[in-house]
Amino acid sequence: MTTVSFIYWQDGDWWLGYLEEFPDYKTQGESLEDLKVHLLDLYRDLTSGDIPAVRRRGEPAVA
């Protein structure tokens, strides 16, 4: 099982968030659980290879 980190917040009645690896792609849900479902769908879409030129966040090692 793979886990993915995400950032989320509540704005009024909506829960908003994005995957840490893909900060340019945000989504929303009516509840925190609904947001998690949308984030997992987004993760599948972004890692499927079907979407060209997906921008990612990386962390190079510095010696």
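None of the values given here were measured: they were computed from a predicted structure.

*Asks:* Hey, could you run me through the overall build of the chain in this one?
*Replies:* When you go through the chain residue by residue, the secondary structure sums to one helix and three strands. In sequence order, the chain lays out its α and β elements as β-β-β-α. Taken along the three principal axes of its C-alpha coordinates, the chain extends 45 × 30 × 25 Å. Residues counted as buried form 19% of the 63 residues belonging to the chain. Computed over 6 positive and 12 negative side-chain charges, the inter-centroid distance for the chain is 7 Å.

*Asks:* Would you take a moment to explain the packing of aromatic side chains for this structure?
*Replies:* In this description, a pair of aromatic rings is defined by centroid distance and the angle of the planes. Under the criterion given, the structure shown has four aromatic pairs. Considering the side-chain rings of W9 and Y18, the 6.2 Å spacing of their centres and the 65° angle between planes classify their relative orientation as edge-to-face. The exposure class assigned to W9 is partly exposed, which follows from its relative accessible area of 34%. Taken together, the aromatic side chains of F6, Y8 and W15 make up a single cluster linked through ring pairs.

*Asks:* I'm lost on the pattern of salt bridges in this one. Help?
*Replies:* Note that side chains of opposite charge can pair when their charged atoms are close. Tallying each qualifying case throughout the model produces five salt bridges. For R44, the salt bridge is made with D41, and the minimal N-O distance between the two is 2.8 Å. Note that R44 and D41 are positioned in helix 1 (residues 32-47) at a spacing of three residues, about one turn of the helix.

*Asks:* Would you mind going over the pairing of strand 2 (residues 14-19) with me for this structure?
*Replies:* A regular strand places its side chains so that they alternate between the two faces of the sheet. Taking burial as the measure, the six residues of strand 2 include five buried ones, the bulk of the element. Where strand 1 (residues 6-11) lies against strand 2, six bridges are found, and the strand directions are antiparallel. Residue pairing in the sheet places F6 in a bridge with L19 of strand 2. Two strands pair when backbone bridges link them, and strand 2 and strand 3 (residues 22-29) are joined in this way by five bridges, in the antiparallel orientation. What sits directly across from L19, in strand 3, is F22. A loop of two residues connects strand 2 with strand 3, the two strands running antiparallel in sequence.

About the cut-offs
Residues numbered from 1 in each chain as written. Predicted model: local features only at pLDDT ≥ 70, side-chain atom pairs only at ≥ 80, totals over all residues. Heavy atoms only, no water. Helix = DSSP H or I, 4+ residues; strand = E, 2+ residues; numbered from the N terminus. Buried < 20%, exposed > 50% of the residue type's maximum accessible area, 1.4 Å probe, protein only. Lys, Arg positive; Asp, Glu negative; His and termini not counted. Charge placed at Lys NZ, Arg CZ, Asp CG, Glu CD. Phe/Tyr/Trp six-rings, centres within 6.5 Å; stacked < 30°, edge-to-face > 60°. Salt bridge = Lys/Arg side-chain N within 4 Å of Asp/Glu carboxyl O. Pairing = 2+ DSSP bridges.

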